Amino acid sequence: MVENKLTFFLSSVMGGGAERVFITIANDFASNGMNVDLVLANGKGPYLEEISKSVNVVDLTCKQTFSSINQLSLYLQNIKPQVLFST
């Protein structure tokens, strides 16, 4: 387990309030020294430019959120974050 590892999972950053809030929170945690991953089922969207360089973006490159479950499970088994946030 990586110390202070926080993971945020979103289907994409195509738009919407929840996505913007998650990016804001992830950026804030990262700016305060936390190790933050933003895991995206599909890493496309206009909000990508709002993600801080301090946040590690993990793109699972899946067309649908449902199809990302296996890859998300593997990520969680390998990285073992202390906390997983999802919408």
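Below: a short report on this structure. (Residues numbered from 1 in each chain as written. Predicted model: local features only at pLDDT ≥ 70, side-chain atom pairs only at ≥ 80, totals over all residues. Heavy atoms only, no water.)

Re a nonpolar patch on the surface
Taken together, the side chains of Val21, Ile25 and Phe29 make up a nonpolar region of the molecular surface, amounting to roughly 220 Å² of accessible area. One can find Val21 in helix 1 (residues 17-31). Overall, Val21 belongs to the partly exposed group, its relative accessible area being 46%. (Patch = residues over 30% accessible without salt bridge, like charges linked within 9 Å, V, L, I, M, F, W, Y side chains within 5 Å. Areas by Shrake-Rupley, 256 points an atom, 1.4 Å probe, with all protein chains shown as cover. Salt bridge = Lys/Arg side-chain N within 4 Å of Asp/Glu carboxyl O. Helix = DSSP H or I, 4+ residues; strand = E, 2+ residues; numbered from the N terminus. Buried < 20%, exposed > 50% of the residue type's maximum accessible area, 1.4 Å probe, protein only.)

Topic: the packing of aromatic side chains
Counting across every chain of the model gives four aromatic pairs. Taking the centre distance of 5.5 Å and the plane angle of 80° together, the rings of Phe8 and Phe22 count as edge-to-face. Pair noted here: Phe8 is in strand 1 (residues 5-10) and Phe22 is in helix 1, with a separation of 14 residues, a long-range link. Residue Phe8 shares its accessibility class with Phe22, and that shared class is buried. Judged by centre distance (4.6 Å) and plane angle (15°), the ring pair of Phe8 and Phe85 falls under stacked. One end of the pair, Phe8, is in strand 1; the other, Phe85, is in strand 4 (residues 83-86), with 77 residues separating them in the sequence. Assessed through its relative accessible area of 29%, Phe85 is described here as partly exposed. Every member of this aromatic cluster is reached through a ring pair, and the members are Phe8, Phe22, Phe29 and Phe85. (Phe/Tyr/Trp six-rings, centres within 6.5 Å; stacked < 30°, edge-to-face > 60°.)

Observations concerning the pairing of strand 2 (residues 35-40)
Counting buried positions over the six residues of strand 2 gives five, a clear majority of the element. Pairing analysis gives six bridges linking strand 1 to strand 2, with the strands arranged parallel. Across the sheet, residue Phe8 finds its bridge partner in strand 2, namely Leu38. Handedness of the strand 1-helix 1-strand 2 crossover: right-handed. Relative to strand 3 (residues 56-59), strand 2 runs parallel, the two being bridged by four bridges. (Pairing = 2+ DSSP bridges. Right-handed = clockwise from strand over helix to strand, strands pointing away.)

A closer look at the pattern of salt bridges
It is possible for side chains of opposite charge to pair when their charged atoms get near one another. Per the stated rule, a full pass over the model turns up two salt bridges. Glu50 serves as the salt-bridge partner of Arg20, at 2.8 Å between the closest nitrogen and oxygen. Here Arg20, found in helix 1, pairs with Glu50, found in the loop between strand 2 and strand 3; they are 30 residues apart in sequence, far enough to count as distant. Taking relative accessible area as the criterion, Glu50 reaches 31% and is therefore assigned partly exposed.

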